[in-house]
Amino acid sequence: MNYLLLLTVLIVSACAHAPQVMPGKGAVYGVLSADSHSEFNRKLENDTGSNSMYGEMKATGVKYNNDMVNYAKLDELYVGLIQANLTPQQHQLTATAGGMSLKSIALAVGDTLQLRNNTPQSQHFFVAESPSTGDKIQTFPSLAAGAVASYKIELEGDLELLSEDNDALKTVLFAQKNMLTKRVASGDNYQFEYLEPGSYPLIFWYWRLGKIQQTVQIQAEQNTRVDKTLTVDNVIHQ
Amino acid sequence: MKKTLLTGLIYFLALPPLAAQSIAGHIEAPAAVKQVIVYLEAENTSRPNQAQKIQVVAQKDTEFHGPLTVITAGDTVQWSNDESKEIDHNIFSLSPLTSFDLGLGEKGSKLEQVFKNTGIINYYCSVHKNMEGKVIVLPNRHYQVLDRPGDFLIDNVPEGHWTLHAVVLHLRYKAEPIKLAVGKTAVNNLTLKIVKK
């Protein structure tokens, strides 16, 4: 009986929760995950060599060692929905002597970053376009040690938030106009509710794997499910 | 056949030698600026015929050696899996300049990618979290990589009009380019300033 209960809990937790249906409105929801390169997974399944990394993984039952990207435990995957008349959002970020509290943030152009400086020194933060895409920057006033300030993001695209004073302080940003974002861990649910019927661009992003964009059709009184798995090969060969 | 070869040789020897000079100077930069790559860009943008090269980056102890590779447009980067154990690596880049996924490379494998567009390209191994590297693709071989700002010397620069420039890896800063004419004598004592954007 207890096993049956446990199985039920596991099945329920593995499913994406459909949003409540609202009159005249629709929603999109689903599960966002990240996974290894498909060649890696194929070799892990088929390789029986005791000397190979795959053989070791099979023998120990551990898929990801400490020096490997643990795709099952990534906790900074983002889903963004582009929609008109979006109220600017605020995103929290803390700088410490050991680095930034987040490696990445997906946000809308016009959103604010509330940045707390918990390092022992004042920091001059700035946002720069990724060198592959441009060389614009946006500078912010000096932020004293222990202080908090809100900065409005004006640049668009692939960006980096950096400090002039400490190379270890870096957060990758992805900014799009009119994008409402949700941050999830790999395998978690996301949902955007109370949407007017129509067509919306939906973007899935992880800073090291890039992004996949698709259009979702929202219909009144309906929930649309879109599950996505980000892998190197499905991002690059999309 | 022999006559054609001889005629070609005489024609080649009769051409006036192209003067080649050195360009030297100093990079003036704030203390925060570390590695810079000083380079020349020809005013005439037609690309000279230059032999393509293969630049090798080793993968060992789950790191790229070295993490920064400077090449010329048209060159190839070859990633050589030199691990002592059976460890696979993947090489990929999301850069809009050159995006690629070279798949998995086993111990002893060599994976290659040609880079045609100039710029800075970040690449990663999708298997190992600390494996990140950069390829800087320049328009020609007239460059020098400096670990920190200081004196520079670029040899064998053909006559013509050039712009002296620098790639600055610290994104808060940029170089102030200098236009210069290379003639019969060496160009010395240039000062290339690195300033805040």
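Because the structure is a prediction, the values reported are computed rather than measured.

Caption draft 1: Summary view of helix α3 (residues 53-60) of chain A. Among the residues of α3 of chain A, those classed as buried are Met53, Tyr54, Gly55 and Met57 of chain A. Buried-residue contacts for α3 of chain A involve α2 (38-46) of chain A together with β8 (100-105) of chain B.

Caption draft 2: Structural detail: the domain arrangement of chain A. Residue and element names in this part refer to chain A. Once the domains are mapped, chain A shows domain 1 (16-33 + 75-86 + 182-238) and domain 2 (87-177). Inter-centroid distance (C-alpha atoms) of domain 1 to domain 2 is 25 Å. Each partner contributes residues to the interface: domain 1 has 10 residues there, and domain 2 has 15 residues. Summing both partners gives a buried area of about 1,100 Å² for domain 1 against domain 2, and 62% of it is carried by carbon and sulfur.

Caption draft 3: Representation of the packing of aromatic side chains within the structure. Within the structure shown, the criterion is met by 15 aromatic pairs over all chains. Consider the rings of Phe92 of chain B and Tyr124 of chain B, whose centres lie 5.7 Å apart with planes at 35°: the pair is tilted. Of this pair, Phe92 of chain B sits in strand β7 (residues 89-93) while Tyr124 of chain B is found in strand β10 (residues 119-124), placing the two residues 32 residues apart along the sequence. Just as Phe92 of chain B is buried, Tyr124 of chain B falls in that class too. Through successive ring pairs, a cluster of aromatic residues spans Phe64, Trp79, Phe100, Phe115 and Tyr123 of chain B. When the ring centre of Phe174 of chain A is taken as reference, the NZ or CZ atom of Lys211 of chain A above it lies at 4.6 Å. Taking NZ or CZ as reference, Arg172 of chain B lies 6.0 Å from the ring centre of Phe126 of chain A, over its face.

Caption draft 4: Expanded view of the sheet that holds strand β3 (residues 90-96) of chain A. All names here are of chain A. With mixed pairing, four strands are arranged side by side in an open sheet as β4-β3-β6-β9. The outermost strands of the open sheet, each flanked by one partner alone, are β4 (99-100) and β9 (148-152). Judged from the five bridges that link them, strand β6 (residues 112-117) and β9 form a sheet pairing that is antiparallel. Looking at β9, one finds that Gln114 is bridged to Ser150.

Caption draft 5: Local environment of the interface of chain A and chain B. With 35 residues of chain A in contact, the opposing surface of chain B contributes 35 residues. Taken together, the two surfaces of chain A and chain B that pack against each other cover about 2,900 Å², and 56% of this comes from carbon and sulfur. By the criterion of area lost to chain B, the three top residues of chain A are Ser132, Glu164 and Arg208 of chain A, representing 22% of everything that side buries. Remark: the boundary between chain A and chain B carries five salt bridges. Between Lys43 of chain A and Asp88 of chain B there is a salt bridge; the shortest N-O distance is 2.9 Å. Taken together, the connections running from chain A to chain B amount to 19 residue pairs in polar contact (both at pLDDT 80 or more). Residue assignment for the side of chain A that touches chain B shows that the elements contributing at least two residues are α2, α3, β7 (125-129), β8 (137-139), β10 (157-163) and α4 (232-236) of chain A. The dominant element in the side of chain A that touches chain B, judged by the number of residues it contributes, is α4 of chain A, at four residues. A breakdown of the residues in the side of chain A that touches chain B according to their chemical character gives 16 nonpolar, nine polar and 10 charged.

Caption draft 6: Region of interest: the nonpolar core. Within the largest apolar cluster, 85 residues are counted, with the highest numbers of intra-cluster contacts made by Val28, Leu161 and Leu202 of chain A together with Trp79 of chain B. Residue contributions to this core peak at six residues, all from strand β14 (residues 198-206) of chain A. If sequence neighbours within four positions are ignored, Leu202 of chain A has contacts with Val28, Val79, Gly80, Leu81, Tyr190, Phe192, Ile212, Gln213, Gln214, Val216 and Val226 of chain A.

Caption draft 7: Just unusual backbone geometry, in detail. The omega angle of the peptide bond from His65 of chain B to Gly66 of chain B is -5°, so this bond is cis rather than trans. The residue Gly66 of chain B is located in the loop between β4 (63-65) and β5 (68-72) in this model. Here Tyr194 of chain A, not a glycine, exhibits a phi torsion of approximately 55°, which is positive. Mapping Tyr194 of chain A onto the fold places it in strand β13 (residues 188-195).

Here is what the cut-offs are and how they apply
- Residues numbered from 1 in each chain as written.
- Chains lettered and ligands numbered in written order.
- Predicted model: local features only at pLDDT ≥ 70, side-chain atom pairs only at ≥ 80, totals over all residues.
- Heavy atoms only, no water.
- Buried < 20%, exposed > 50% of the residue type's maximum accessible area, 1.4 Å probe, protein only.
- Helix = DSSP H or I, 4+ residues; strand = E, 2+ residues; numbered from the N terminus.
- Contact = heavy atoms within 4.5 Å.
- Domains from an automatic or database assignment.
- Buried area = accessible area lost by both parts, 1.4 Å probe.
- Phe/Tyr/Trp six-rings, centres within 6.5 Å; stacked < 30°, edge-to-face > 60°.
- Lys NZ or Arg CZ within 6 Å of the ring centre and 35° of its normal.
- Pairing = 2+ DSSP bridges.
- Salt bridge = Lys/Arg side-chain N within 4 Å of Asp/Glu carboxyl O.
- Polar contact = N/O pair within 3.5 Å; in protein donor to acceptor, adjacent residues only side chain to side chain.
- Nonpolar A, V, L, I, M, F, W, Y, C, P; charged D, E, K, R; others polar.
- Core = buried A, V, L, I, M, F, W, Y, C linked by side-chain atoms within 4.5 Å.

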